[in-house]
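# Observations on chain architecture
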Amino acid sequence: MAASPGLVDQLLQTSLTPEQRALVLQLQNPTGDQASNSSWSLRGDTPMLKMILEKDWSSHPLGPPARWSPALIMLLNMMLASKSPMLCYWGDGFYVFYNDAGIDLFADKHPAIGEKGEDVWGEIWDIICIEMQQVIKTGEATWSYDRPLFFLRNQYLEEVFLTWSFSLVYEQDGSYGGIFTPFSETTQRILYERRIAVLRDVGDICWSCRSAPDVCETSTRQLGVEPKDVTFSIIYQYMDGDDHPMGDTGSSSSSSSSSSSSSSYPHGRLVRMGCGGLDENSPFAPLEVDLHSAQSTHICMDQLRKVIETMRGVTVGNLPSSLGLPGGQFPEPSLCVAILPVMLAKRSEPWGVILYGINPRRVYDTEYEGFLDMLTRSIASSISAASIIEDKKQRLEELAALDRAKTAFFSNISHEFRTPLTLIMGPLQDLVAQPQQQVNTKADRAHLELILRNARRLWKLVNKLLDFSRIEAGRVQAHFVSTDLADVTRNLASMFESAVTKAGLEYVVDVPPLNQNIYIDTSMWEKIVSNLLSNALKFTLHGQITVKLVETNESAVQLLVCDSGVGIPPKELSRVFERFHRVESTQGRSFEGSGIGLAFTQELVKLHHGTIDVTSQLGKGTTFTVTLQTGRGHLPADQIGTGKIVMSDRSVNETDLYIEEADLWSQEVEPSTQEPASPSTSSSSSSSSSSMSIDGSVPELDELVPETDGKRHRILLAEDNHDMQQYLKSLLSVLWHVEIAGNGLDAYRAATENPPDLLLSDVMMPGMDGLQLAAKLRQHERTALLPIILLSARAGEEARVSGLESGADDYMVKPFNAKEIVARVRNMLMLGDLRATLSRTNTQLEQQIRERAIAANSLQKSESLHRTLTELSPVGIFHTDAKGNHLFANERYYELLQYNPALPSSISSVSSNYTRKGHGGDDDEGEEANQHVFEDHLHPDDKERWGRLWMKALKKPSSFVIEVRIQPASTSSSTNGSPTGSPRGNKMVSFLQDMRLTDGVNTPKPTRASNISPPTSSTPTPPPSSSSTPPLSSVSAPARTSTTSLTPVPAPAPSNLAKKPPIENWRLIQVAPEMDTITGQFLGFVGTLTDVTLQRKLESEKMEEQRRRVSDAEAYRIEQERFVDMICHEIRNPLNGIFNNSDLLMTSLQRRAILVNDMDSSLPGVNALVGQLDSDREAVGAVLACARHQKMIADDTLHLSRVKAGKYTLRMVNFSLANTIQSTLHIFDAELDAKGIQLILELPPDSVWIRGDPHRLSQVLLNLFSNAIKFIDTSVSKIITVRSHIEHPIQSATIIDEDEQQAQPSDATTRGHSAAPTAHVGTVP
C-alpha cells in the first residue's frame, strides 16, 4: 500500500506519537512483508476498535477485517491511536470509519462504523460528496476552514462549524482506496466571536444615545441587522400602578416602590419601548401589556409576571408555529423565547424586560444564556447612562429657569433698594453740604460723613446688581460713540493716583495717544476701568500698578492693567469671571465684595464685542487684558450714535464711589498698642459714639463707667473695614483697652503672642476668616479659654450655629445695638475672668489628683507585682516580725510545709495572703509556740540544728541557710472535737490549732488588712475551746476556691498492711533579717522555702550510680585480667612446642652440616647440599626468633595484666647495676655491628649495688634498647649512649640516642618511640 505524498506530508505535520509516525512512513514506503495481508492486523485497545471487531462484517461489502487491504488496516491503526478527531470514507460506497475522538461529531448518529457516508450524512451529502469526488478525480487534497454545516443530530437541524481536509488514500497497486479526513469542530469559537461582535456593536451604537427610548429603539434595530443568535427582540418598560416608571434614576417613586412588597409588581403594566426583527403589529409585541388585567391575551403573560416578581430570567419553549415568530436567517420559525429583566445599577426593582428570539438551529445552553445576560446588562448600562444624561439635562433646564428667576429678583429688589437709599442719601448730602458752623460739632460731622460714605457704598452695590441683572436679562444695549479712548482712559486712571500713592504703591500710567478714535460706550468703559483698577489696588499690598493702552497689528486696541499683587492660584484662573465666585484664602486689603465685579466687567466687555483675558502667577501678580476692535464694522448699526447716552440717571458719580472705597483701603490701621483714652476724652467719645447706634438708641453716659479696679481688660478687635474699626473702637475704648488687627492672620498672631482678655472678630476677613480664627485659637494652648464674640452680616440659625460650632462664645448679627454689644462684651469679660479662675483651680486640683494617682498607681503596681511574684513563685516565701511571728506567707509556703489549706470557720473571714498581724500585745509565749509549731513539721534529727540557728538569729539578727527534712505533723483534733483532714490524705495536718489567732483566751486578735479587702464569710465562728493553743502566725492560709473544701474530711481508717517508710522531703530554708533603712532597727525576717527533695534524690541516685559503675568497672577489669592471663598461658603452650621442636631440628641440621662438611667438596652436589643446609638453619633460626618475640609479647602482656591487677611481685635481691646492664646489652652486639651502631656505656663502678629485681630490670632495658635501635635507623650519626647517675636515694639509668641528647626526658616520651626513657631504682644503702 502506498499513500499519496500530500496525505503523508499532512499527517507528518500533525501531532503524532513515534509509533504513529512510523506507521505513516510505512504508508509511504511499504516493502516486503509489510505490504502483505498476513503481516497487517488491527492493533490497540480502544472502544472504537472493540466496536469494529465486534461488528458482524460477514455480509458487508468490505468483508471481514482479515480480508481488508493493508492500506485500510494501517490507516485505521493510525486513526484509532490518535487523540485528534479523524474519520475516513473507504471504498466506492464511502464507508465511514472514525476514532474515539470523533464520536462527539456523530452524537446520536453513533455508532456509524461501516455505514455509507450518504446514509450517515444525508442532510449534507450533496455538499461534501462533490468535494470528495474532486479529490478522487484530481488526487489533490482539499482544505475547508470554519465551514458552516447543518447537521440533523440531537433531534433537530443544528448549526455546526467544521474545519476539515479531504486526502486521497491509495491501495498497494496505486488505485483509489478511500478518503482520509482529519477534522475539528470550531462551533464554540465561531459562536463566541459572533456573539462578542454583537455585544460590541450594540454597546458602541447605544453609547451615543441620550435617552432611554433612544437606547431601546437603537439596540433592537441593531440586533435586527444580523439576526443569527437573536432572531428578534422586544424591550418593555415596567410602569407601576400609578404609571410611574420603575427603576429610573430620577424617579421620585423609586423609594416607595422599592419599599413595597414584590406582590405589587403585577399590578402595573409593560410599555413597549423598542422592537426589532419582528413586525410591530405582531400580536406577540403589543404596545402595552397589562399585567393585572385578566383580559390580557399575551401568550407569555405568566412568564412576564414571574420575571417582574422574581427579577430572574425565564425561557418559554415550544411556542406554536402559528405565531409566525421569525427565525432570523433560517427559514423555520423561532419556537423559543428568553425573557430577561432589565436591572439598572443601584436599583432593587426592575426597569423592564427584554424578550429575545432564540436561534432555531442552536440549543439554548449555558453559553447562550450567558450571552443574552451580558447583552441585557449592556443595554441596561446604556439605559442607565442615558437616563443620567436626561436627568442632567432636565436639572440644567431647571437651574436655567431658577437663574432667570434670580436675575429678575435681583432686578426687582435693586429697584426697591434704590428708593429708601435715595431718601437717606438726599438729606445726608444736604447736611454735609451745609457750612461747618451750622453743624453742631466736629464729631457730628464726622459721623454724618461716615453714614453718607456707607450709604454710597450700598448705592454702588445696588447699581451694580441692577446693571448686572439687566445685562443677564438682555435688556441693556450699549450706545457706541467715537471716542478718544486714550484721553478717557488717562483721565479715569488719574483719578486713582491719590489712593494708589496713599497705599504706598508705585503707579505707572502708560497711555499714549492712539492713531484713531475707538467706538465705545463711555459709561460702560468707565465701569470697566474703575472695576479693574479697584481690583488691582485691593489685592496689591506691595510693588506697583501699571495701566497701559497699546495698539496691536490686528486692528485692535488693548487695555492692560498689571499689578504685583498676591496673584491667583492656577486652579482658580478659569473661574475668576464666574458670577458670585470668590477666590478663597487670598490675602487682600479687604474681604468685602459681592463676587460679581469681574463677571460684570466681562459682560460689559462682551457688549463692546471685545474680549477680556487674565494671566497670573501666584505671589508675583496679575494682568487683565481688555481687547477692543477698531472701526465700527463689528458693531450693530442701530447702537452707533454721535452723542453720549448714559445707561441710567445717577445722582452720584460711580467712579467717585470706587475712589472713595479705595481711599478707605489705603488708610493705615492704627497701632494695636494705642493707649486708652483719658476719662475726659472718653466721655466725649462716648457721647459721640453712642449717637452712632444703628437703631437710633443712645446709651446713657453714666452707664459707660470705665473700670476703676486698677486693671483694664484688653480687647483685640479683628476687623478689615476701616469705618467699622473706628466705630467699634470709639464705642469700646471708653471702658476697655482696645487693640486692632486688620485681618485674621494678624489677629491670630497677636492673640497667641500676647493673649487678650477678649476677641471681638468679624467673620468675613481676608487671609483667615473669623470662623477659622476662632477654631485655631481654641486649639492653641494659650488661647483655649479666650472669650470670643463673632460679628457677621450673615443672619439665620445656620450661620449662628456654624459660628458657635467653630468655638465662639457669642454670635452677633449686624446691624447691632450699641448697648447690646457693650453688655455682651462685659459679660464675656466676666466669663473670661471666671474661666481663668476655674482654670487655675482646676489645674491645681488636676495636679493634686495626678500626684495622688501616681502614688496610688505606684503602690498598686508594687503590691500587684508583689502579689503576682509571690503567687507565681516556685518557692515558699514568708515574712515574720522581730519575734518570729508570721506576717505573711504565700500558698507555696504552706504546700511545702504540708499544711492543710482548709481554714477553721472561726477565722474564715481572714483569708487574704496579704493580711498582716498587729505587733502589739505579743509575748514570749507566742514566739516559743511559733517555733514549736514549725518544729512539729521537722524531722526529729533536724530539730536541734534548726532550733539552734533560729534562736541565734533571733538574738543577733543575721542571715542563715539550712537544709531540713519535713515530715507531716501528728494528726490532731480541733478543740471542739472535729478533726480536719486534707484532700491529700492523712499526711496533711490540720490548721485548726496551728493557725488560730488567739491572745491567750482563744479570742481572735484584730488584724491589720492590706489594700486587698478580704472576702467575708457567713460561716459561724465556733465556740472558744477550753484549751489554749499558741499562735503559729497572724496570717491565714491562702483560700482555695476551686479544689479545696472547708468541710472537715475524716482521716482514713488505719490499715493493717505494712507501710513503707515515708519518703524524706528536703527543704532549703534561706532566712535574711529585715532592717529599717532609716533607723537601722531590726523589723523581722524574710525567708524562702525551697523544695530540694528532687535534688537530694538525684544526688543520691547519682552517687549510687557512681558506686555501681565503679563496682561494675572493677568486676570487668578483674574478668579482663583473668582473660588476658588465660590467653597468655594458652599462647605460651604452643610456643613451648615450637621451641622444643625448633631446638631438635636445629641440632639435627647442625649434625648434618658437620657430616656434609666432612665430605669431599669435589663430589657432585656437595656444595649444593651445604647451601641447602645453611638455608634450613637460617629458616629454623627465624622461627626461633619469631617464637622468642611472640613469647616476649605474651610475657609482657601477662606481666602488665598482673601489675594492673596488683598481683605482680618482684624478687628483690641485691645486685650490681653495671654488671646487669652489660650482660643485658651483650645480646645486641651482633645487631649493633650489623647496623653500624656505636654503643657508649657510662656506668657506675661495679661496687655500686642496688636492691631490686634484676630480671625485670633486664626486661626494661631490653625494651628501651630495642626501641632505640628501631628508631636510630633514620639518624645520620648512629650512636647510642647508656648513662647512669646516682641521685640520693635514687639512682637513674638513661638510654639516649645522639639526636635526642638535648631533649628532656618528658620531651622524649612525647615523641611516641621513647628515645630517652629514664628508669629510677633504689640503691643499696
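For the structure itself, consult the block above.
Conventions adopted
Residues numbered from 1 in each chain as written. Predicted model: local features only at pLDDT ≥ 70, side-chain atom pairs only at ≥ 80, totals over all residues. Heavy atoms only, no water. Salt bridge = Lys/Arg side-chain N within 4 Å of Asp/Glu carboxyl O. Helix = DSSP H or I, 4+ residues; strand = E, 2+ residues; numbered from the N terminus. Buried < 20%, exposed > 50% of the residue type's maximum accessible area, 1.4 Å probe, protein only. Patch = residues over 30% accessible without salt bridge, like charges linked within 9 Å, V, L, I, M, F, W, Y side chains within 5 Å. Areas by Shrake-Rupley, 256 points an atom, 1.4 Å probe, with all protein chains shown as cover. Lys, Arg positive; Asp, Glu negative; His and termini not counted. Charge placed at Lys NZ, Arg CZ, Asp CG, Glu CD. Pairing = 2+ DSSP bridges. Axes fitted to C-alpha atoms, helices over the stretch in contact; angles between N-to-C directions. Contact = heavy atoms within 4.5 Å. Parallel < 35°, antiparallel > 145°, perpendicular 65-115°, else oblique. Left-handed = near helix turned anticlockwise from the far one by under 90°. Nonpolar A, V, L, I, M, F, W, Y, C, P; charged D, E, K, R; others polar. 1 Å grid on protein atoms, 1.4 Å probe; cavity = no way out; pocket = protein on both sides within 12 Å on 5 of 7 lines; lining within 4 Å. Points joined across faces, edges and corners; volume = space filled by probe spheres on them. Expected span 1.5 Å × (residues − 1). Arc of directions from axis to C-beta. Polar contact = N/O pair within 3.5 Å; in protein donor to acceptor, adjacent residues only side chain to side chain. Core = buried A, V, L, I, M, F, W, Y, C linked by side-chain atoms within 4.5 Å. Phe/Tyr/Trp six-rings, centres within 6.5 Å; stacked < 30°, edge-to-face > 60°. Lys NZ or Arg CZ within 6 Å of the ring centre and 35° of its normal.

### Observations concerning the pattern of salt bridges
Taken as a whole and judged by the stated rule, the model has 38 salt bridges. Of the charged contacts, one joins glutamate 288 and arginine 269 as a salt bridge, the two residues approaching to 2.7 Å between their closest N and O atoms. Pair noted here: glutamate 288 is in strand E8 (residues 288-290) and arginine 269 is in strand E7 (residues 269-276), with a separation of 19 residues, a long-range link. Of the residues examined, glutamate 288 reaches a relative accessible area of 48% and is grouped as partly exposed. Arginine 575 is paired through a salt bridge with glutamate 578; the nearest N and O atoms lie 3.1 Å apart. Taking relative accessible area as the criterion, glutamate 578 reaches 34% and is therefore assigned partly exposed. Via salt bridges that share partners, Arg153, Glu158, Glu185 and Arg362 belong to a single interconnected network.

### Focus: a nonpolar patch on the surface
Judged by side-chain polarity, Leu396, Leu399 and Leu402 come together as a nonpolar surface patch covering roughly 330 Å² of accessible area. Its place among the elements puts leucine 402 in helix H12 (residues 366-433). Judged by its relative accessible area of 55%, leucine 402 falls in the exposed class.

### What to know about a negative patch on the surface
There is a patch of like negative charges on the surface, built from Asp214, Glu217, Asp279 and Glu280. Here glutamate 280 lies in the loop between E7 and E8.

### Some points on the sheet that holds strand E30 (residues 1082-1091)
Where strands meet in a sheet, backbone hydrogen bonds hold them as pairs that are either parallel or antiparallel. A sheet is described by the order of its strands in space; here 5 strands give the open sequence E25-E24-E30-E29-E27, paired in antiparallel fashion. What marks the edges here is a single partner per strand, and that holds for strand E25 (886-889) and strand E27 (960-966). Neighbour-to-neighbour, the strand axes of this sheet turn through a mean angle of 25 degrees, independent of strand direction. Sheet topology places strand E24 (residues 876-881) next to E25; 3 bridges connect them, and they run antiparallel. For threonine 880, the partnering residue across the bridge sits in E25 and is histidine 886. Against the sheet, helix H28 (residues 1093-1158) contacts E27, strand E29 (1065-1075) and E30, and its axis sits at roughly 130 degrees relative to E29.

### Some details on the packing of helix H30 (residues 1217-1225) against helix H32 (residues 1254-1271)
One way to put it is that H30 packs onto H32 with a least axis distance of 10 Å and a crossing angle of 50 degrees. Relative to H32, H30 is oriented oblique. H30 and H32 meet at a crossing whose hand is right-handed. Facing H30, whose interface residues are Leu1217, Thr1220, Ile1221, Thr1224 and Leu1225, H32 presents Pro1254, Leu1257, Ser1258, Leu1261, Leu1262 and Phe1265. Here the contact of H30 with H32 is composed, by residue class, of 8 nonpolar, 3 polar and no charged.

### Quick word on the environment of aspartate 279
Looking at the element boundaries, aspartate 279 is found in the loop between E7 and E8. The exposure class of aspartate 279 is exposed, given its relative accessible area of 51%. Sequence separation between aspartate 279 and phenylalanine 232 is 47 residues; the distance between their C-alpha atoms is 9.5 Å.

### Some remarks on the sheet that holds strand E5 (residues 176-185)
The strand order E2-E1-E5-E4-E3 describes an open sheet built from 5 strands, whose pairing is antiparallel. For this open sheet the edge positions go to strand E2 (95-98) and strand E3 (142-153), each flanked by a neighbour on one side alone. Across this sheet, the average inter-strand angle for adjacent strands is 35 degrees, counted without regard to direction. Looking at chain direction, strand E4 (residues 156-170) and E5 are connected through 7 bridges and run antiparallel. Each bridged residue has a counterpart across the sheet, and for valine 169 the counterpart in E5 is glycine 178. Each of strand E1 (86-90), E2, E4 and E5 touches helix H4 (residues 70-81); the most contacted strand, E1, lies at about 165 degrees to it. Contacts between helix H7 (residues 125-138) and the sheet are confined to E1, E3, E4 and E5, with E4 contributing the most and set at about 10 degrees to the helix.

### Quick look at the layout of surface pockets
Its volume calculated, the second largest pocket comes out at about 670 Å³. Lining the second largest pocket are 23 residues, and of these Arg1188, Lys1191, Met1192, Asp1195 and Gln1259 lie nearest its centre. Those elements that provide at least two residues to the lining of the second largest pocket are helix H29 (1166-1205) and H32. When the residues that make up the lining of the second largest pocket are grouped by side-chain class, the tally is 5 nonpolar, 8 polar and 10 charged.

### Things to note about the side chain of serine 69
Structurally, the position occupied by serine 69 is in the loop between helix H3 (47-54) and H4. Not counting residues up to four positions away in its chain, the partners in contact with serine 69 are Trp90 and Glu171.

### Section: helix H9 (residues 212-223)
Here H9 is 12 residues long and its end C-alpha atoms lie 17 Å apart, about the 16 Å a rise of 1.5 Å per residue gives. For H9, the complete set of buried residues consists of Ala212, Val215, Cys216, Thr218, Ser219, Thr220, Gln222 and Leu223.

### A few points about the environment of glutamine 1150
In this structure, glutamine 1150 sits in helix H28. Taking the C-alpha atoms as reference points, glutamine 1150 and arginine 1177, 27 residues apart in sequence, are found 7.9 Å from one another.

### What about helix H22 (residues 770-779)?
Among the residues of H22, Gly770, Leu773, Ala774 and Leu777 are the ones counted as buried. Buried residues in H22, looked at end-on, bunch into an arc of 95 degrees, giving them a common side. For H22, the side-chain oxygen to backbone nitrogen distance between the N-cap and leucine 771 is 3.2 Å, and the N-cap itself is aspartate 769.

### Quick word on the nonpolar core
Of all hydrophobic cores here, the largest spans 48 residues; its most connected members are Trp68, Tyr89, Phe97, Phe106 and Trp121. Apart from the residues lying within four places of it in its own chain, the contact partners of tryptophan 121 are Tyr89, Leu105, Phe106, Lys109, Ile128 and Phe151. Counting 47 residues, the second-largest nonpolar core is a separate cluster that includes Val476, Leu485, Leu514 and Leu598.

### Quick notes on the packing of aromatic side chains
According to the stated counting rule, one finds 22 aromatic pairs in the structure shown. What links up through ring pairs into an aromatic cluster is the set Tyr89, Phe94, Trp125, Trp164 and Phe166. Residue placement shows arginine 361 over the ring face of phenylalanine 150; its charged tip is 4.5 Å from the ring centre. For lysine 776, the ring lying beneath its charged end belongs to tyrosine 748, and the centroid distance is 4.5 Å.

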